[in-house]
Structure formats: structure tokens, C-alpha cells
Amino acid sequence: MSNREQEYRELFMAEALEYYDAMSRHISELERNPADEEALRELFRLMHNLKSNARAMGYTSIGEAAHHMETVFGQLRDGQATFTGSMVPVLFGGIDTLGELIRAVGEEQALPDVQRLLDNLDRISRGEEPDLEGEEADDDEDVSRKLELSDLVYIQVRKLDHLMNLMGELIIDRDRILTLSREIDHPALTTAAAHFSRIAEELQYSVMDARLVGVGSLFSKFPRVVRDVASTEGKEVNLTLQGEDIQIDRNILQIITDALLHLVRNAIGHGLETAAEREAAGKPAQGQITLSAQAERDDVLVQVQDDGRGIDVASVRRKAVERGLVTRAAAAQLPDAAVRAFLFEPGFSMAKEVTEISGRGVGLDVVKLAIDSLGGQLRVDSVLGEGTTFTLVLPTSIAVKGALLFELDERSYALPLMHTDSVVSLLPDRFSVVGGVLLTRLQGENVPVVSLRELLQLEGDQVLAPARKATLHGRQDIIIVNYNNRRLGLIVDRFLRQQDIVVKAMSKPLDTIDLFGGVTLLGSGQVCLVLDVPALTRLFLAKRP
Amino acid sequence: MPNSEKATAPDPLIQLIVFRLGQEEYGIRIEQVKEVTLTPEIARMPKTPSFVKGIANLRGDIITVVDLEERFQLREAAEVAEEAAAHTYTMAIEAKDYTIGVVVREVPQPLSVPQSAIEQTPDFIQEANIHDKYIEGIARVGDRIIVVLDMLKLLTPSEIMQLTAPAAS
């Protein structure tokens, strides 16, 4: 049995046992007050849900039993019959039988035969007397088996968030204790600190693991969305889901929900052509949309792929110039990937007409913001006429981020690895100055380089002074960051190390300074600012000479 | 009149934390002060006005630390020079939904004053650098004059960030 089936079965079990408990409760209420409408409605609903779940999982006998029970409770609810006489033991017995069936699923045993129950329920719903012979016989056995606790607990995400925050504090303290134990260098302390550190780490991964859910829990909502959007747009769409069992932090999934919804609506509304257009282009009338997830090292890639008309780079280029985002001359030289990145600029939408579904003035910039807030990346690839793929690169977990630590003016700073391309150490002769901006050539691409110190020291409306090569002395330690397909080199004083950090949000009132994504505490107790690469890139673009 | 006598009879004591800024004494109601501590190591935040000294780690909480002498230009030139040498104290003050640190150079002292000793701000105080809207009143205790500040008004985000250049967008 695959992990996913196992997980689905556990979920089914948890829900089914909960339904069973609720059914037992409600039918007892019904016995006290046979006209209790509330209890009847609940019983009908519970039977209906159990039926749907069981049928989806392929547990036919549970589905059938629940279906027949539902029919009888439906009649009771609608006042076509009353809860009296011989139907009472049959319905009580029916709920017990459901309990046995559910337990049998849990213990992976063959499901007992329920034909007798089904026949009796059929008789009741036809208004006939049920066959009660031998019905009481196995009651003793039932009593001993009725009390059953689920192996799963439901827990509010809020509680998990609290655990995660405490965990973050613990990790910071762990680093502090490890540093102290190295300084004090006492053998007993060193051993205790090492042990503590191991436990803290295991605890951290357990808490992170408890927050993971399958991407499928979000993906499974999309068939319906796609159907609705496709019918509104008058398009034929087939949706394929892949990698539903990839695990990701529940809050990350929550944050990307709207982004994913937007991308899928966009793909149907703007990406896919109408059936007629598709056939004219020699494609099958039905458009394909694939929603997939895959794990890549510590990240999760979520992709929305369509086989529609693709992004017309020339048209985006033209529009970027019209909007004044780039000069005509510069636009002509930009690589296609950089041009497509304009789609993520605020208010830059390619939709020519506003449709009910995807044209509410919300553009890809909103998607971009959501992904940025997670420290993730958003990429788009497209081949004109063949389709478009949006890729969301997401961290598996929110709280702990890989970061590169470096020093500037004797203070430590951190840069999330998610936005770090590479680190290089270059001599002054590797730079050239073009239009006041330092450039260096890396992997066949000109990358602008700026002194992080100068960038951070700018006040008010000041712009960067034109760069001069003469100011560079000796090797320059440079971190190449990457945001929205734009690479930028930041000159720092010294690289320190790579480390997992727990990012704490910037506290008020300084949370309005978007250059910093937060702070972290180092093992030394020192406060370390975490730079926000998107904001830093925007600052450079706004301030370049 | 008996009525007015009755009204003045209960004169509740108000607990202040008194500290020096420049040459003057200032006070804050004690319930606004969370704790007083030796100033922890402060990390300077780029892109903030210079009176915002930076952020510090106060028992795991990251708080913003401000220097009110600098904010209101109360520091004498001679004192500026010795600033680096002297060690300072930080009062952690509970603003509306965050805690903020205020640096002072001498240990702040508690002081009880009767409510009646706090007078409404006279107009002349506007000559001082602290704008009167932050001043709750003036307390006269013997020959001491203590300016009672309303920290909650003083430490709103917009007040703290008012000198910041708008962030580049």
C-alpha cells in the first residue's frame, strides 16, 4: 500500500469513527425523543457523508449500508415514518454494524456481510416489518467493542503555530548554549549541550513534520474550479493532477491558495484558446492543464502548465516600453526571460478584455507578492503557440530558512539562500563601469554589482553615486542575488558561513522598512538583520545612477 | 464652599519613573514602564532616522531602541563627546502593541507625586523642544520641575518614523 493510500485510509478512518460516535449519540437522543428533528437531520447528514467517503474509498459494503440507512432516516426526517417499534432495533443494529465495518477497515480485515441489514432496511423503507430473528444474539459482544478511540487527533493550526514559534525560540537558545559551551569548554557541559542540541533538532523536525500536509489537499479542490471556469469561458479543458502526495507546510499551502487559483483561472481564461482556435492551429480541441508538485532538495516546486497560446514576448516587450518600465533600446536587448518577468510588475496585465473570471484587475503581481512573502520564487516559461508554465518554488517549511551570513561594517547580516545565486570573490580587473554602474561578467551574462554599504546608506531621495573602479581595492567578496530573473551582485566585507536561521518578523514600529525581511538571533546573542532581496533589488533599480 | 473642599480631599498619588534628558528631568507613569535594564547590544538599522539607535535583543524579544535626547536635540555639545564612553540604561516601555526601548544615561528613579502636583502644561513650554502634545503636565516637587510625558503618544509608529525618508518603491 502506498503512503498516499495509507494516509487516505487513516483520514477515512478518523472521519468515519467520528461519524460513528456522532451517530451513536444522535440515535440515543432519538430514542429519548423520537421526534427530535435536529437529531434526524444530523443522522441523515452523517449517513450521507459516510456513504460518499466510503464509496470514494471503494468500501462498497459500508457505502451500501450507509445508503440504506440514509434512505430510512430521510423518510423519518420527512415525516413519512416515525422512529418506533421494530425499526428501532434495526437502526441501532445498523449503526453498530457500521461501527464493525469501520473497525474492520481499520484492522485491514475482510468486511462482514451486511445483506441481512440491507434487506431489513429495505423492508422498513417499504413500510414492511423487518425480520428480527436472531438480532439480539450478538449484543453482548457489541458492548465490549463499542468504546473505540481514533488513532488521529484533530488539532487547530493555531496550536501548531504556537508550537512552531516556541520551537524557533528554542533553536535560538540552542545555538546560544552551544556557543557558550564552546567558550566555557567544560567536558560535562559540552556533553550535555550536545545532547540537548540533538534533542532540540529532533523536536524541531517533528514539529515541522506535524505541520506537513499533502499538496493533494489543495489540488483536490481544483477539478471543480476548472470545470466551473471552463464552462463560464466556454472552453474544453482537461485537468491533470500530479504529485499530490508531496508534503508541504500547511500555512504555505494556505498562502499560495489564492495565487494558485489565480494562475489556474488565468491559464483557462487567457492561456488556453477556444476549441475553434485550437483546431485551426492543429491542436486537439480540448486544452490541457496540469497542476503538479515535486520535491527538489529542500524546496517544493508547484507548476501550473497549459498547452495554450503561450506568451507573446514581442507584445510584452511593447507593452513594457509603453508603460515606461524600460526604454525601447534596452527592451530590444533584454533576453526573453527578462521580458516575461515584466508580467509580474504591479498592474501589468496582458488580458485584452476583462472577463468575469480572471480579469478583476488583479494581476500576476499579486501572485508574485504572495510567493515573495514566503521567500519563494516565481518563474514563467513559455513557448509561443505551445503553452505556458508557471513555476512556484516554495520552501517546505516557513520557520527555518537556509541563509548566507556575511559581515558588513562589523555587523552580521543574513541573506536567504532561496534568493542567493552564488558567491564570488573578484579582483578589480574583473569589473567594468557602464553608465555609472559596475558590471562583471559571470557565466556569459553581465551582472550589475553594487556596494551594499552604499546602497544601505542612501538617505531620502539620494541616488547612488556613479561607480568608479578606483574605489575598489583588492578582492571583493560579492554575493550574487537573484530576484525575478534579475541578477545583482552585492559587495560585502566578508562572507561568514551558511546556516539555518529562524526568522523573526521585524517588530513594530520598524516593520515598515521593507528592506529587512526580519531578524534572527545568532548563537552569540547578537541580533542579525535578514535582508529582503526583492526590496533590495527594487531599491537598486530605483537608485541606480 | 463645602463642595469644593470635598472635591480636593482625595488626592491620589501617582507613581512616576523619573529620568534625565539633557538638563531637565522627565517622568513617565510607572505602569508604562516594563523594565529598566543596562542597554543591550544594539544593531543599527539602516534607513531609519538617527535617533532610532537600532534594534536589540531583550530576553528574546526584538525591540526598537530610541534616543529621545537626540530626537528632541536636548544633548549639550559637551555631552555629545562623552556619549560613547558612558554606559547607558534602557527603559523598556510598553506602547500600544509593542515594546520600545528608550535610552537614558542615568539610572531612572521612581517617584510618587500627588495628582494635584501635576499642572496642565503652560503655553510657554512650547519654547522647549518637546512639542507640548506629548506632555501630560508639569510636576512640581519641592524645587524640582518634572515634565511628565505621555509615552503612548510619543511612541506611535508615525511619530517614530516621521523623519524617515519614504522607502524607495
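Refer to the structure printed above.
Notes on the structure follow. As the structure is a computational prediction, the values presented were derived from the model and not from experiment.

## Comments concerning the overall build of chain B
Right, on to step 1. Within chain B, the secondary structure is distributed over five helices and 12 strands.
Right, on to step 2. Expressed as a percentage of the 169 residues in chain B, the buried residues total 46%.
Right, on to step 3. Summarising the internal contacts of chain B: among those between residues at least 6 apart in sequence, 54% fall at separations of at least 24.
Right, on to step 4. Summed over its atoms, the accessible surface of chain B is roughly 9000 Å², and 52% of this surface lies on carbon and sulfur atoms.

## Focus: the packing of helix 7 (residues 157-184) of chain A against helix 8 (residues 187-210) of chain A
A pair of packed helices can be characterised by two numbers: the angle between their axes and the separation between those axes.
All names here are of chain A.
Right, on to step 1. Relative to each other, helix 7 and helix 8 sit at 160 degrees, their axes nearing to 9 Å. Between helix 7 and helix 8, the crossing angle belongs to the class labelled roughly antiparallel. Judged by the sense of rotation from one axis to the other, the crossing of helix 7 with helix 8 is left-handed. Each of Leu 160, Leu 163, Met 164, Met 167, Leu 170, Ile 171, Arg 174, Ile 177, Leu 178, Ser 181 and Ile 184 in helix 7 lies in contact with helix 8, whose residues at this interface are Leu 189, Thr 190, Ala 193, Phe 196, Ser 197, Ala 200, Glu 201, Leu 203, Gln 204, Val 207, Met 208 and Ala 210.
Right, on to step 2. Looking at side-chain class alone, the contact of helix 7 with helix 8 contains 17 nonpolar, four polar and two charged residues.

## Let's talk about unusual backbone geometry
Residue and element names in this part refer to chain A.
Right, on to step 1. Phi at Glu 108 takes a positive value of approximately 55 degrees, unusual for a residue other than glycine.
Right, on to step 2. In this structure Glu 108 comes out as exposed when scored by relative accessible area, which is 57%.
Right, on to step 3. For Asp 409, which is not glycine, the phi torsion reads 50 degrees and is therefore positive.
Right, on to step 4. Secondary-structure assignment places Asp 409 in the loop between strand 8 (400-408) and strand 9 (411-416).
Right, on to step 5. For Asp 409, a relative accessible area of 40% translates into the label partly exposed.

## Quick word on the sheet that holds strand 18 (residues 527-531) of chain A
All names here are of chain A.
Right, on to step 1. The strand order across the open sheet formed by five strands is 16-8-9-18-17, and the pairing between neighbours is mixed. Two strands bound the open sheet, and with one partner strand each, they are strand 16 (494-502) and strand 17 (516-521). Ignoring strand direction, the axes of neighbouring strands in this sheet form an average angle of 35 degrees.
Right, on to step 2. Across two bridges, the pairing between strand 9 and strand 18 is parallel.

## Observations regarding the pattern of salt bridges
Right, on to step 1. All chains considered together, the criterion is met by 30 salt bridges over all chains.
Right, on to step 2. For the salt bridge of B:Glu70 with B:Lys53, the shortest nitrogen-to-oxygen distance reads 3.1 Å. Separated by 17 residues along the polypeptide, B:Glu70 in helix 2 (residues 68-71) and B:Lys53 in strand 5 (residues 52-58) bring together distant segments of the chain.
Right, on to step 3. Through salt bridges with shared partners, a single ionic network connects A:Glu273, A:Arg278, A:Lys283 and A:Asp307.

## Some thoughts on helix 10 (residues 222-233) of chain A
Residues and elements named next belong to chain A.
Right, on to step 1. The terminal C-alpha atoms of helix 10, which comprises 12 residues, lie 16 Å apart, in line with the 16 Å expected from a rise of 1.5 Å per residue.
Right, on to step 2. For helix 10, the secondary structure elements touched by its buried residues are helix 9 (216-219), strand 2 (237-242), helix 11 (250-271) and strand 4 (287-296).
Right, on to step 3. Downstream of helix 10 by one or two residues, Gly 234 has phi in the positive range, about 65 degrees.

## Notes on a nonpolar patch on the surface
Residue and element names in this part refer to chain A.
Right, on to step 1. A surface patch of nonpolar side chains, amounting to about 240 Å² of accessible area, comprises Tyr 8, Leu 11 and Leu 152.
Right, on to step 2. Along the chain, Leu 152 turns up in the loop between helix 6 (139-145) and helix 7.
Right, on to step 3. Given the relative accessible area of 32%, Leu 152 is considered partly exposed.

## A closer look at the interface of chain A and chain B
Right, on to step 1. The partner chain B presents 26 residues to the 27 residues of chain A that form the contact.
Right, on to step 2. Regarding the contact of chain A and chain B, the summed buried area is about 2200 Å², with carbon and sulfur atoms giving 69% of it.
Right, on to step 3. Its largest share of buried area at the contact with chain B, chain A owes to A:Lys508, A:Pro509 and A:Leu510, together 27% of the area lost on that side.
Right, on to step 4. If you look at where chain A meets chain B, you find one salt bridge.
Right, on to step 5. Among the salt bridges present, the one from B:Glu41 reaches A:Arg411, with a minimum N-O distance of 3.6 Å.
Right, on to step 6. There are two residue pairs in polar contact (both at pLDDT 80 or more) connecting chain A and chain B.
Right, on to step 7. Elements supplying a minimum of two residues to the side of chain A that touches chain B: strand 9, helix 17 (452-457), strand 17, strand 18 and helix 18 (533-543) of chain A.
Right, on to step 8. Partitioned by chemical class, the residues of the side of chain A that touches chain B number 16 nonpolar, five polar and six charged.

## As for the sheet that holds strand 2 (residues 24-29) of chain B
All names here are of chain B.
Right, on to step 1. Taken in spatial order, the six strands line up as 9-1-2-12-11-10 in an open sheet, and their pairing is mixed. Both edges of this open sheet fall to strand 9 (109-114) and strand 10 (118-119), since each of them pairs with a single strand only.
Right, on to step 2. Pairing geometry for strand 2 and strand 12 (residues 144-149), over three bridges, is parallel. Following the sheet pairing, Tyr 26 is matched in strand 12 by Val 147.

## Details of the packing of helix 11 of chain A against helix 16 (residues 364-373) of chain A
Residue and element names in this part refer to chain A.
Right, on to step 1. In the contact formed by helix 11 and helix 16, the axes pass within 9 Å of each other and the chain directions differ by 150 degrees. Judged by the inter-axis angle, helix 11 sits roughly antiparallel to helix 16. Considering only the axes of helix 11 and helix 16, their crossing is left-handed. Judged by residue contacts, Ile 255, Ile 256, Ala 259, His 262, Leu 263 and Asn 266 of helix 11 engage Leu 364, Val 367, Ala 370, Ile 371 and Ser 373 from helix 16.
Right, on to step 2. Each residue belonging to the contact of helix 11 with helix 16 can be placed in one class, and the counts come to eight nonpolar, three polar and no charged.

Basis of the calculations
Along each chain, the written sequence defines residue order, and numbers are assigned to residues from 1. Each chain is given a letter, starting from A, and each ligand a number, starting from 1, according to the order in which they appear as written. Given that this is a predicted model, residues contribute local features only at a pLDDT of at least 70 and side-chain atom pairs are listed and counted only at 80 or more, while totals for whole chains, interfaces and linings are drawn from all residues. Hydrogens and water are ignored here; the side-chain numbers use all heavy atoms of the structure. A helix here means a DSSP run of H or I that spans at least four residues, while a strand means a run of E at least two residues long, and both kinds are numbered starting from the N terminus. Three exposure classes are used, based on accessible area relative to the maximum for each residue type with a 1.4 Å probe and protein chains only: buried under 20%, partly exposed in between, and exposed over 50%. In this analysis, two residues are considered to be in contact whenever any of their non-hydrogen atoms come within 4.5 Å of each other. Accessibility throughout is a Shrake-Rupley quantity obtained with a 1.4 Å probe, and a residue counts as covered only by protein chains that appear here. To get an axis, a line is fitted to the C-alpha atoms, and for a helix only the part in contact is used. The angle between two axes follows their N-to-C directions and goes from 0 to 180 degrees. Any angle from 65 to 115 degrees is called roughly perpendicular, while one under 35 is roughly parallel, one over 145 is roughly antiparallel, and all others are oblique. By definition, any crossing whose near helix is turned counterclockwise from its far helix by less than a right angle is left-handed, and any crossing with a clockwise turn is right-handed. For this classification, Asp, Glu, Lys and Arg are treated as charged, while Ala, Val, Leu, Ile, Met, Phe, Trp, Tyr, Cys and Pro are nonpolar and the rest, including Gly, are polar. Note on pairing: DSSP must find at least two bridges between two strands before they are called paired. For this analysis, a salt bridge means a side-chain nitrogen from Lys or Arg found within 4 Å of a carboxyl oxygen belonging to Asp or Glu. Under the convention used throughout, the expected extent of a helix is 1.5 Å for every residue step, that is, one less than its residue count. Two joining distances apply to patches: 9 Å for like charges and 5 Å for nonpolar side chains (Val, Leu, Ile, Met, Phe, Trp, Tyr), and every residue must have over 30% relative accessible area and no salt bridge. Once two parts are brought into contact, the accessible area they lose, counted with a 1.4 Å probe and summed over both, makes up the buried area. Whenever a nitrogen or oxygen atom comes within 3.5 Å of another N or O atom, the pair is scored as a polar contact, on the condition that within protein one atom can donate a hydrogen and the other can accept it, and that pairs from neighbouring residues in sequence are kept only if both atoms are in side chains.

Everything listed here is a matter of geometry and, on its own, says nothing about what the molecule does.
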